[in-house]
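Tertiary structure, described
Residue strings, one per chain:
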Amino acid sequence: MSPADPPPPSRREFLTGRALTTRIERAGAELADEIVDREPPPVPPSAGPTVRLETRAMACEFAVLLNPGPGDQLLAASEALDFVHALEDQITVYRQHSEMSRLNRTAAEGPVEVEPGLFDLLRECERLCRETEGAFDPTSGPLIALWRACRSEGRIPAESEIAAARERTGIAHVRLDGDRRTAAYLREDVELNLGGIGKGYALDRLAAVLGDRGLSDFVVHAGYSSVLARGGHRGRGGWPVGIANPLFLDEQFATIVLRDQALSTSGSGVRHFRHGGRRYGHILDPRTGWPAEGMLSVTVLAPTASLADALSTAFFVMGVENARRYCDNNPEVAALIFPPATRGRTLEPVVLGIADEQLFWT
């Protein structure tokens, strides 16, 4: 027994319970000292007053958030938002006159010249498809259409239907010529669908327009799942963005401070359907033709919104370890991944490459 240790209790103290009371009091004092000595957890940064402008495009709300300031920045933001409608008119596959629809109709007949910005996006899609080994695939439109039709009919696709749709998918069916800036399809029933990257691409272009008009501090987002930030807010070197609890979407789980970065979240909590007592999510694995499983949500941080948009879907399909490998090989990319809850409803998120000073738990 060291000099600092108390003497053992007498028999009377033991029988009357006084010894136990003394030990409890001593333990409480030690715990209180430990709590006082321990640093409190960092307080998540909060958002202050902002000015918000928005428009509806690509089936969601596009918004620009600005720090309060001169009125001329509102005019610049409004003009930039108008640009989003022009982009939608170019890349959507749901309008017959769009450039993407024209490409899908004619590229099997021979090479089609593509507008420079759109061609660069197609090249990025091709690169990401190969880097993710098909987890992100812009040619998976036939699979998406098949599942959408079956969902409306209240059934799941037959294996033969999935196999037929998969024959029409794969970036190998698309040939891009960088010298001539053309795209050609190697079979007639191939199509490109930019739904997995289009919103991010629009945010990148929107941010470029805002920058050209002299704005340096702003956030742009598309439906809250895709966000891009530039500059800072409330004297911070970034903008705080809330991350929802994937089990209870109306609750915030964390805050991430975006510093000249983009963020995109993909999850299965909102869009899904049930058949035969089983739940099917809306994010498909192009490699199998079936909905991806084994993940609640994935949030990706990247230098551009198009990259974050594509990788959040790819990581959802790829799983934690493949996502970890990608982030290790590409340090400019980081992720917050929520695998299925364990021990009942306990969430154990996986953090890949996000700096401690950027991530705050709610």
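Small disclaimer: the values here were computed from a predicted structure and weren't measured. Every residue gets a number counted from 1 within its own chain, in the order that chain's sequence is written. Thresholds applied to this predicted model are a pLDDT of at least 70 for local features of residues and 80 or more for the giving and counting of side-chain atom pairs; totals over whole chains, interfaces and linings are not thresholded and use all residues. The side-chain values count all of the structure's non-hydrogen atoms but skip hydrogen atoms and water molecules.

The next subject is the sheet that holds strand 17 (residues 350-352). The strand order across the open sheet built from 8 strands is 1-2-6-7-10-15-16-17, with neighbouring strands paired in antiparallel fashion. Each of the sheet's edge strands pairs with one partner strand only, and the pair in question is strand 1 (51-57) and strand 17. On average, each strand axis in the sheet is tilted by 10 degrees relative to the strand beside it, whichever way the strands run. Both strand 10 (residues 262-267) and strand 15 (residues 297-302) contribute to a ladder of 6 bridges, which runs antiparallel. When DSSP finds two or more bridges between two strands, those strands count as paired. What counts as a helix is a DSSP run of H or I of at least four residues, what counts as a strand is a run of E of at least two, and both are numbered from the N terminus. Here the axes come from fitting lines to C-alpha atoms, over the contacting stretch only for helices, and the angles between their N-to-C directions go from 0 to 180 degrees.

Turning to unusual backbone geometry, a few remarks are in order. Although it is not a glycine, Met58 adopts a positive phi angle of roughly 55 degrees. Along the chain, Met58 falls in the loop between strand 1 and strand 2 (60-66). Unusually for a residue other than glycine, Glu133 sits at a positive phi of about 55 degrees. Topologically, Glu133 is positioned in the loop between helix 5 (116-131) and helix 6 (141-152).

Attention now moves to the confidence of the model for the protein chain. For any part of a model where pLDDT is low, the fine detail of the predicted coordinates should not be relied upon. Confidence of the predictor at the level of single residues is captured by pLDDT, which takes values from 0 to 100. With 85% of its residues at a pLDDT of at least 70, the protein chain reaches an overall mean of 88. Segment residues 1-5 is flagged for pLDDT under 50; beyond a separation of four residues in sequence, or across chains, it makes 3 contacts in the model. Counted against residues more than four places away or in other chains, residues 11-17, with its pLDDT under 50, gives 3 contacts. Only heavy atoms matter for contacts: two residues are in contact if any of them lie within 4.5 Å across the pair.

Right, let's talk about the pattern of salt bridges for a bit. A pairing counts as a salt bridge when a side-chain nitrogen of Lys or Arg comes within 4 Å of a carboxyl oxygen of Asp or Glu. Within this structure, the stated rule accounts for 18 salt bridges. As a salt-bridge pair, Glu61 and Arg56 come within 3.1 Å of each other at their nearest N and O atoms. Among the salt bridges present, the one from Asp189 reaches Arg187, with a minimum N-O distance of 2.7 Å. Burial here depends on accessible area, computed with a 1.4 Å probe over protein chains only, as a share of the maximum for the residue type. Under 20% is buried, over 50% is exposed, and the range in between is partly exposed. For Arg187, a relative accessible area of 28% translates into the label partly exposed. Residues joined in a network through salt bridges with shared partners are Glu88, Asp89 and Arg95.

Counting residues in each nonpolar core, the largest one holds 75 residues, and the members touching the most others are Phe62, Leu103 and Phe315. The element best represented in this core is helix 9 (residues 305-318), accounting for 10 residues. Those residues within four positions of Phe62 in sequence are excluded, and the remaining contacts are Leu53, Glu54, Thr55, Ala57, Leu81, Val84, Lys199, Ala202, Leu203, His221 and Ala222. Buried residues of nine kinds, namely Ala, Val, Leu, Ile, Met, Phe, Trp, Tyr and Cys, make up a nonpolar core once their side-chain atoms join them within 4.5 Å. Trp239, Leu263, Leu296 and Leu301 belong to the second-largest nonpolar core, a separate cluster that totals 21 residues.

Moving on: the sheet that holds strand 4 (residues 174-177). Strands sit in the order 3-5-4 across an open sheet of 3 strands; the sheet is antiparallel. Sheet topology places strand 3 (112-113) and strand 4 at the edges, where each strand pairs with a single neighbour. Here strand 3 runs beside strand 5 (residues 182-185); their pairing, made up of 2 bridges, is antiparallel. Bridged to Val112 within strand 5 is Ala183. Here helix 5 sits on the sheet in contact with strand 4 and strand 5, set at roughly 130 degrees to strand 4.

The next subject is helix 4 (residues 99-106). Among the residues making up helix 4, those that are buried are Glu99, Met100, Ser101, Leu103 and Asn104. Packed against the buried residues of helix 4 are helix 3 (72-91), strand 3, helix 5 and strand 5.

Another point: the packing of aromatic side chains. Centres within 6.5 Å are what make two rings of Phe, Tyr or Trp a pair, Trp counting through its six-membered ring; a difference in plane orientation under 30 degrees is then read as stacked, over 60 as edge-to-face, and the rest as tilted. Counted according to the given criterion, the structure contains 4 aromatic pairs. Ring centres 5.3 Å apart and planes at 70 degrees place the aromatic pair Trp147 and Trp290 in the edge-to-face group. Placement of the pair is Trp147 in helix 6 and Trp290 in strand 14 (residues 290-291), with a sequence separation of 143 residues. On the basis of relative accessible area, Trp147 is assigned to the buried category, the value being 2%. Judged by centre distance (5.6 Å) and plane angle (65 degrees), the ring pair of Phe315 and Tyr326 falls under edge-to-face.

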